[in-house]
Amino acid sequence: MIRFSVFVTSFSILAYEIVFTRIFAWSQWVNLSSLIITMALLGFGAAGSFISLFQDWIEKRLEKVFSAGLVLFPLFLAAGFIIPSHLTFNPYELGLEPAQIGILVLYFLFMAMAFFLGAGVICLSFIGQDVGRMVFYNLTGSGVGALAVAPLSFYVHPVWIMAGIGVAACLPALVLMVRSGTGCRRLGAGAAAILVMAGLWQGMTLPRAWTVSQYKPVSMALTLPEARMVYEAFSPLGIVQVVEAKGLRATAGLSLASPFPVPVQKGIFVNAGAMSPITPFSGDTGAVRYLEYLSSYLPFHVTDRADEKKVLIIGAGGGESILKSLVKGFGSIDALEMDSHVIRLMKGPFADFSGHIYENGRVNVIHREARSFIQQTGETWDLIEISLMDGYTGSASGVHALNENYLYTREALAGALRCLTHTGLLAVTRWIVTPARDNLKMFHMAVEALGDVGVKEPENCLLAVRSLQALTLVVSRSPLSRRMIEASREFARERGFDLDYFPGIQPEDADRFILLNPPVYHRAMQELLSDRAGAFIDAYAFDITAATDNRPYFHNFFKPALVKTIRTYGPSQIPVTEWGWLILVILLVPVLLTAFGCILLPVIAARHQGRYQMGAGRRIVTAAYFSLIGAAYFFIEIPLIQKMSLFLGHPSYSFTVVIAGLLTFSGLGSLFSDRVFAKTNPMAASCLIISVLVSACVFGADFIFSRAMAWSAGLKILLVLLLLFLPGFFMGMPFACGLARIKQDQATALPWVWAINGFAGVVSILLAALLAILSGFNTVLLLAAVFYALAGMFSYYPDGI
């Protein structure tokens, strides 16, 4: 019964975490979702501290307390989902409305209560049970929970999945009711009430669902007259929705001088994010000539003899770039689209509306992720286009600052340049945001990428045109021809656009129509091409250093100088700078204080009650050991999730595979922890092996993955699991062996060391995010190797841990 309860509770906790990340990605922003793991570990640590403080009282009533935990866990799991859904949280208002900080705290407090009760059930199971076996059921239950969510995500709304998790969490209470005698009738009544509540929850929360942030693009679209949702589909990549409304149009970068009307469109939204327009099309390209007045049309405009050339579109979406290619007359159009639901809706219910452009004879739609496709393809194109892959609101506010993006890295641009013909063009269009930052970072990355592919004079290979809303950067491996430059100048002049850079540009050529004071883009681009580039980047108010595959945080522009700006102009500047970091700061300080207090209080109480027979030295070493292995585990897990998203193609796949693999293999390691190193110090031996394996991963994994990018998704997942097996197996041993040693001669300290391990994980997740942004994933992984090595050394302490 106890093993079943631990397995199901662990299953529910992990599935709850993953589904919450999906719901946050849809209703708020992806970077908030990673903080749920922090709240889970905070609940785990708090549960250990609570049990440690009231251990004598709990042990006298162990069966009743354990049973109560089984009943209360699903109740609070449901409450942790329902109550936050009724709280209106808008991250953009953090700097404007102090009440939003309180709502943020309430969000995570309600979630943490479910984790607190679930962790309490698991922690109590260690009392009187074999520790290694209990850790096995804990970790494998978590791994299965992570794995179970993925297939359901293809068919079911995340809110419905959450309702199912609530019902699953009731199973241990029901089994306990059936197996127990008359003394548990009240428990049965409680379990029945929970099931009734879960059924009501399932019926009432889907129509209401979670309120999508009013700042997300889909919310804005639904405020238009006669707006309605006409399509919805689900997958691990996100929720795909199509909205139609009177007056719905997306014309990012459209010239005010355009003489052509823009038809009413339908909008595709993935996770309620940036709109990808579906334009009505009958086959007459003259009806969509407004596309010629978008700033992103420049690379199409300057391409001659297009009927003989090939274009590659990254992110086909609703087909706007396909239409631009048809208007220009490209002979061959390859369009990458990663989400199968988008392909399905464009070939199905919206095929007639869009003119069947996905099935046009010149169009080849490829269901692939861009980085892996570019890395393994042997083809070349005359034009590769990446246009507005995120919404303006998210781009301008810094909400994606904590999210990795492997499409916008130096290596990604270099890979795309290698896929161009000799005179081919790479075009990247991004929003104009104030203050200027991401277009300058993209320009700098393009300069660096040109150097990576052997271009000696990048100043002759770049061109940038700016409209009111968007900036299009054009890059070539060969010097731009005089004809192309003149065609670009004519294009900009006729549309009232500004050329911020072209080879040979003079100050009087810039800022002629859309005046900026000072002309920041023109001046910055000149500096980034000069010998003063390094000094300019260091002095600039925002971080515009090139994003790399080791630090793929293109949307992070935070520098300490921004703190001074916020202090000078007030918190109202946060939404237009980088509030993504603000959430980490808001949580990190109270988490540190909470962790310190919850670790210290049980020690004080235990010494007062005479429960712990540890000297000061042993307490310090024990705390250090469990802190190090707790931090090191997540210093490995978090970077691996982020690194694998490049190889597997999407963060959702990476999250599921890495979490499920590591936890399951760690569970196996804990099960065999007392047998593998029976004749030596198992803690030291396993820590040393982990340290070596992680170090090898840092220096060898990228080499392996770069040669397997072309493999099928199934083979990639199998490779990742094979590479995770040995590290994961041994990572399950230090904690299980440490708990077993504590239980031998200091059993009353078990909840305390459980709390230490949990709180170390809480802090490590936040620190891992900060360190990855500042120094890269490899630095975090190497620190994990060092932590495990130090923990192994502490395990040799003469008095034991």
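Residues numbered from 1 in each chain as written. Predicted model: local features only at pLDDT ≥ 70, side-chain atom pairs only at ≥ 80, totals over all residues. Heavy atoms only, no water.

J.: What's the story with the packing of aromatic side chains in this structure? I'm lost.
T.: For any pair of aromatic rings, the description rests on two quantities: the centre-to-centre distance and the angle between the ring planes. Applying the stated rule across the entire model yields 27 aromatic pairs. Residues Tyr-297 and Phe-300 carry aromatic rings whose centres are separated by 5.6 Å and whose planes lie at 15° to one another, so their mutual orientation is stacked. Residue Tyr-297 is classed as buried on the basis of its relative accessible area of 4%. A residue is classified by how much of its surface remains accessible, and Phe-300, at 0% relative accessible area, is buried. Here Phe-443 and Tyr-501 contribute two aromatic rings whose centre-to-centre distance is 5.9 Å and whose plane-to-plane angle is 70°, an arrangement assigned as edge-to-face. Of the two residues, Phe-443 sits in helix H18 (residues 438-452) while Tyr-501 sits in strand S12 (residues 498-501), which places them 58 residues apart along the sequence. (Phe/Tyr/Trp six-rings, centres within 6.5 Å; stacked < 30°, edge-to-face > 60°. Buried < 20%, exposed > 50% of the residue type's maximum accessible area, 1.4 Å probe, protein only. Helix = DSSP H or I, 4+ residues; strand = E, 2+ residues; numbered from the N terminus.)

J.: Where do I start with the nonpolar core in this structure?
T.: As a rule of thumb, soluble globular proteins bury nonpolar side chains together. In terms of nonpolar packing, the biggest core is built from 125 residues, with Tyr-16, Phe-626, Ile-636, Leu-739 and Tyr-788 touching the most fellow members. The element that contributes the greatest number of residues to this core is helix H24 (residues 616-648), accounting for 18 residues. What Tyr-788 contacts, discounting residues up to four positions off in sequence, is Ile-629, Ala-632, Tyr-633, Ile-636, Cys-687, Ile-690, Met-731 and Pro-734. Listed in part, the 105 residues of the second largest apolar core include Tyr-231, Leu-336, Leu-345 and Ile-366. (Core = buried A, V, L, I, M, F, W, Y, C linked by side-chain atoms within 4.5 Å. Contact = heavy atoms within 4.5 Å.)

J.: How should the pattern of salt bridges be read in this particular structure?
T.: Opposite charge on two side chains permits them to pair, given that their charged atoms come into close proximity. For the coordinates displayed, the defined rule picks out 22 salt bridges. A salt bridge links Glu-244 to Lys-266, with the nearest nitrogen and oxygen atoms 2.4 Å apart. Within this pair, whereas Glu-244 is found in strand S2 (residues 238-244), its partner Lys-266 is found in strand S3 (residues 266-270), the two being separated by 22 residues in sequence. Among the salt bridges present, the one from Arg-466 reaches Asp-500, with a minimum N-O distance of 2.8 Å. With Arg-466 in strand S10 (residues 462-466) and Asp-500 in strand S12, this residue pair connects regions lying 34 residues apart in the sequence. Of the two residues examined, Arg-466 and Asp-500, each falls in the buried class. Linked through salt bridges whose partners overlap, the residues forming this network are Asp-304, Arg-305, Glu-308 and Lys-309. (Salt bridge = Lys/Arg side-chain N within 4 Å of Asp/Glu carboxyl O.)

J.: Help me understand empty space enclosed by the protein, please; the structure alone is not making it clear to me.
T.: Gaps between atoms show up when a probe of the same size as a water molecule is rolled over them. Summed over all chains, the structure comprises two cavities of 30 Å³ or more. Volume-wise, the largest cavity comes out at about 540 Å³. What lines the largest cavity is a set of 27 residues, among which Leu-41, Leu-139, Phe-634, Leu-663 and Asn-757 lie closest to the centre. If you list the elements that add at least two residues to the lining of the largest cavity, you get helix H1 (2-27), helix H3 (35-53), helix H7 (131-152), H24, helix H25 (651-671), helix H29 (733-745) and helix H30 (750-775). Among the elements that line the lining of the largest cavity, the one with the most residues is H24, at five residues. Split into classes, the residues belonging to the lining of the largest cavity amount to 19 nonpolar, six polar and two charged. Volume-wise, the second largest cavity comes out at about 60 Å³. Residue lining of the second largest cavity: Lys-441, Asp-543, Thr-545, Ala-546, Ala-547, Arg-551, Tyr-553, Asn-556 and Ile-773, and that is the complete set. Residues belonging to the lining of the second largest cavity are distributed by class as follows: four nonpolar, two polar and three charged. (1 Å grid on protein atoms, 1.4 Å probe; cavity = no way out; pocket = protein on both sides within 12 Å on 5 of 7 lines; lining within 4 Å. Points joined across faces, edges and corners; volume = space filled by probe spheres on them. Nonpolar A, V, L, I, M, F, W, Y, C, P; charged D, E, K, R; others polar.)

J.: Explain unusual backbone geometry to me, please; I cannot follow it from the model alone.
T.: Going from Thr-434 to Pro-435, the amide bond is cis rather than trans, its omega being -5°. Within the element layout of this structure, Pro-435 appears in the loop between strand S9 (420-431) and H18. Here the residue pair Asn-517 and Pro-518 is connected by a cis peptide bond, since its omega of 0° sits within 30 degrees of zero. As for its placement among the helices and strands, Pro-518 is situated in the loop between S12 and helix H20 (520-528). Even without a glycine there, the phi angle at Glu-226 is positive, about 60°. Relative to the assigned elements, Glu-226 resides in the loop between helix H11 (217-221) and strand S1 (228-235). Unlike most non-glycine residues, Arg-305 shows phi in positive territory, near 50°.

J.: Just to check I follow, could you spell out a nonpolar patch on the surface for this structure?
T.: Where nonpolar side chains cluster on the molecular surface, the patch consists of Ile-101, Val-105, Leu-106 and Leu-109 and spans about 300 Å² of accessible area. Here Leu-106 shows up in helix H6 (residues 99-125). Taking relative accessible area as the criterion, Leu-106 reaches 34% and is therefore assigned partly exposed. (Patch = residues over 30% accessible without salt bridge, like charges linked within 9 Å, V, L, I, M, F, W, Y side chains within 5 Å. Areas by Shrake-Rupley, 256 points an atom, 1.4 Å probe, with all protein chains shown as cover.)

J.: Before we go on, may I ask you to explain the confidence of the model for the protein in this structure?
T.: In low-pLDDT segments, the atomic positions of the prediction should not be examined closely. Taken over all residues, the pLDDT of the protein has a mean of 84, while the share at 70 or more is 86%. Confidence scores differ between elements of the protein, with helix H16 (residues 392-397) showing the lowest mean pLDDT of 50 and S10 the highest of 97. (pLDDT = per-residue confidence, 0-100.)

J.: Which parts of the structure should I look at to understand the layout of surface pockets?
T.: Counted as a void, the second largest pocket has a volume near 740 Å³. If you go around the second largest pocket, you meet 34 residues; those closest to its centre are Leu-648, Gly-649, Tyr-653, Ala-713 and Ile-717. For the lining of the second largest pocket, the secondary structure elements donating two or more residues are H7, H24, H25 and helix H28 (713-731). The element that contributes the greatest number of residues to the lining of the second largest pocket is H25, accounting for eight residues. Of the residues belonging to the lining of the second largest pocket, the class tally is 18 nonpolar, 11 polar and five charged.

J.: Any chance you could explain the pairing of S1 here in plain terms?
T.: As a general feature of sheets, a regular strand has side chains that alternate between the two faces. Note that S1 and S2 share seven bridges and pair antiparallel. Residue pairing for S2: Ser-235 is matched across the bridge by Gly-238. The hairpin turn running from S1 into S2, its antiparallel successor, is two residues long. (Pairing = 2+ DSSP bridges.)

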